[in-house]
Amino acid sequence: MQPRELVRAWVAAFNRADPDALASFYTEDSVNHQVAESPVCGRSAIRAMFAAGFASATMVCIPENLFEDGEWAILEWRDPLGLRGCGFFHVMGGKIVFQRGYWDKLPFLRAQGIPVPAGL
């Protein structure tokens, strides 16, 4: 699967809140680094991250732009609450080996009604 095609499938799985489908897009030793959080290493840990996220928040990804450059896909997104972000997906052999996401954690927590940790 090419990077752009994989990210389209990733968005569909994300919008179904399906951590198993999402995990299937990653290699066993992949890294997902949402810069507002510590990097998450390994497919099972990434699956657990998504499961925990879907259990605590209603998340929707509306793609605004999706670009492909070689082994990389770049996704610019928004959600129905007005949050925005972007993600970079390094895809090799049809699987995500590395992902980095940029988004603002404080507006996300407030929009979702999740308590804001002290010091944030």
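Cut-offs applied
Residues numbered from 1 in each chain as written. Predicted model: local features only at pLDDT ≥ 70, side-chain atom pairs only at ≥ 80, totals over all residues. Heavy atoms only, no water. Phe/Tyr/Trp six-rings, centres within 6.5 Å; stacked < 30°, edge-to-face > 60°. Helix = DSSP H or I, 4+ residues; strand = E, 2+ residues; numbered from the N terminus. Buried < 20%, exposed > 50% of the residue type's maximum accessible area, 1.4 Å probe, protein only. Core = buried A, V, L, I, M, F, W, Y, C linked by side-chain atoms within 4.5 Å. Contact = heavy atoms within 4.5 Å. 1 Å grid on protein atoms, 1.4 Å probe; cavity = no way out; pocket = protein on both sides within 12 Å on 5 of 7 lines; lining within 4 Å. Points joined across faces, edges and corners; volume = space filled by probe spheres on them. Nonpolar A, V, L, I, M, F, W, Y, C, P; charged D, E, K, R; others polar.

Colleague: Break down the packing of aromatic side chains for me, citing the residues and quoting the values.
Modeller: According to the stated counting rule, one finds eight aromatic pairs in the structure shown. For the pair Trp10 and Phe89, a centre-to-centre distance of 5.2 Å together with 70° between the ring planes defines the contact as edge-to-face. One end of the pair, Trp10, is in helix α1 (residues 3-15); the other, Phe89, is in strand β5 (residues 84-92), with 79 residues separating them in the sequence. For the residue pair Trp10 and Phe89, the accessibility class agrees, reading buried in each case. Their ring planes at 40° and their centres at 6.3 Å tell us that Tyr26 and Phe50 sit as a pair that is tilted. Here Tyr26, found in strand β1 (residues 26-34), pairs with Phe50, found in helix α3 (residues 43-56); they are 24 residues apart in sequence, far enough to count as distant. For Tyr26, a relative accessible area of 0% corresponds to the buried category. Each residue in the set Trp10, Phe14, Tyr26, Phe50, Phe54 and Phe89 is aromatic and connected to the rest through ring pairs, giving one cluster.

Colleague: Report on the nonpolar core, specifying residues and quantitative values.
Modeller: Residues Trp10, Phe14, Phe50, Leu75, Phe89 and Ile96 are the most contacted members of the largest nonpolar core, which totals 27 residues. It is α1 that contributes the most residues to this core, six residues altogether. Among all residues touching Phe14, those that are not within four sequence positions of it are Leu22, Phe50, Phe54, Met59, Val60 and Cys61.

Colleague: Please set out the layout of surface pockets residue by residue, giving values where relevant.
Modeller: Reported here for the largest pocket is a volume of approximately 710 Å³. Lining the largest pocket are 34 residues, with Phe14, Gln34, Met59, Trp103 and Phe108 positioned closest to its centre. Counting only elements with at least two residues in the lining of the largest pocket, the list comes to α1, β1, α3, β4 (72-78), β5, β6 (95-103) and α4 (105-112). For the lining of the largest pocket, the element with the highest residue contribution is α3, accounting for five residues. Classifying every residue of the lining of the largest pocket by side-chain character gives 20 nonpolar, 10 polar and four charged.

Geometry only, nothing functional implied.
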